[in-house]
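# Tertiary structure, described
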Amino acid sequence: MNRRDLIKGGLAAGAMLALPARALAQSLNDDFDKAFGLTGDAPLPPAPVEPALPTAAAANPAYDRKLVEIAKRELGRAGSAVWRHDIVGIADFARPSTLPRFHFVNLEAGQIRSFLVAHGRGSDPAHSGFLQAFSNVPGSEATSRGAYLTCEWYKGKYGTSIRLEGLDPDNSLALERAIVMHPAAYAAPSHIARFGKLGRSEGCFAMSPDQFNEALWHLSGGRLLYADRIDVA
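Throughout, residues of each chain are indexed from 1 in the direction in which the sequence is written. pLDDT decides what is reported in this predicted model: residues at 70 or higher carry local features, side-chain atom pairs at 80 or more are listed and counted, and totals for whole chains, interfaces and linings draw on all residues regardless. With hydrogens and water excluded, all non-hydrogen atoms of the structure serve as input to the side-chain values.

Tracing the sequence through the fold places Ser 97 in the loop between β1 (87-92) and β2 (102-106). Taking the C-alpha atoms as reference points, Ser 97 and Gly 196, separated by 99 residues in sequence, lie 9.4 Å from one another. Every residue in contact with Ser 97, bar those within four places of it in the chain, is listed here: Leu 116, His 119, Gly 129, Ile 192, Lys 197 and Leu 198. Here a polar contact means two N or O atoms within 3.5 Å. Within protein one must be a hydrogen donor candidate and the other an acceptor candidate, and residues neighboring in sequence count only if both atoms are side-chain atoms. A polar atom in the side chain of Ser 97 sits 3.2 Å from the backbone nitrogen of Leu 198. Secondary structure elements follow DSSP: runs of H or I no shorter than four residues count as helices, runs of E no shorter than two count as strands, and numbering proceeds from the N terminus. Whether two residues touch is decided by their heavy atoms; if any such pair falls within 4.5 Å, the residues are in contact.

Structure (structure tokens):
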């Protein structure tokens, strides 16, 4: 190596040493990438797309028969605790919040009418649209399974609401937890259109405001409400 090359090499090394530490590290990384053909930004993987939840359920006579069977079974189990035996409300939390899953089973008329209903945020922490777990623990903000007696109307945070009394060990703290039926904008079809699912309650049975009168007139006043996951084999 001649004198000129030594001087040139020394200048280059001096220039590298004069770089700030961050710039020097970046320069070394760039040289490594070039040496191994790693130049250019690697494309980021596409963000996962959450599949849309269904918004309509096909007619299923077997499912309807199951609802009637459950309504009769739960009335028999509740006995004299229930005052009126004409209509039973059944919330099927096996279904996502985008489907009508709150069924008013009219045993006298032989009719089933179905509505949207929200579940508790404690039952679906990730807001998947599906109830993941039931709980009866105060402060859990979760939905409880079991049979409820629908009681009187009262004026609450969401307007006219229906008080509920839990009849089973799994929902025995419903009154203490203030688990009720009430109207809420986050339980309306428009919420699904905008966000792809209903919002979540604090464990209450929240219905669309324009459908809640159905509950006031046809499910309150000493009738039975039953909540669970319904399995149709």
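Here we come to the nonpolar core. The set of buried Ala, Val, Leu, Ile, Met, Phe, Trp, Tyr and Cys residues whose side-chain atoms join them within 4.5 Å is what this entry labels a nonpolar core. Buried means the residue's accessible area, taken with a 1.4 Å probe over protein chains only, is under 20% of the maximum for its type, while exposed means over 50%, and partly exposed covers the values in between. One finds Phe 93, Phe 102, Phe 104, Tyr 148, Met 181, Phe 205 and Met 207 to be the most contacted residues of the largest nonpolar core, which totals 23 residues. Going through the elements one at a time, β1, β2, β5 (159-166), β7 (205-207), α6 (212-218) and β8 (224-228) are the ones with two or more residues in this core. Contacts of Phe 104, omitting those with residues within four sequence positions, involve Ile 87, Val 88, Gln 111, Ile 112, Arg 113, Phe 115, Met 207, Glu 214, Ala 215, His 218 and Leu 219. Residues Leu 67, Val 82, Val 88 and Ala 147 belong to the second largest nonpolar core, which totals 14 residues.

The next subject is the confidence of the model for the chain. What pLDDT conveys is the predictor's confidence in a given residue, as a value from 0 to 100. For the chain, per-residue confidence averages 86 on the pLDDT scale, and 78% of positions sit at 70 or higher. Contacts of residues 2-19 to residues separated by more than four positions or lying in other chains number 5 contacts, the stretch itself having pLDDT below 50.

Note on pairing: DSSP must find at least two bridges between two strands before they are called paired. Taken in spatial order, the 8 strands of this open sheet run β3-β2-β1-β8-β4-β5-β6-β7, and their pairing is mixed. Two strands close off the open sheet at either side, each with one partner strand: β3 (111-115) and β7. Pairs of neighbouring strands in the sheet enclose a mean axial angle of 25°, with direction left out of account. All axes here are fitted lines through C-alpha atoms, helices being fitted over the stretch that makes contact, and every angle between N-to-C directions spans 0 to 180 degrees. Of the strands in this sheet, β1, β2, β3, β4 (146-156) and β8 are in contact with helix α3 (residues 61-78), which crosses β8 at around 120°.

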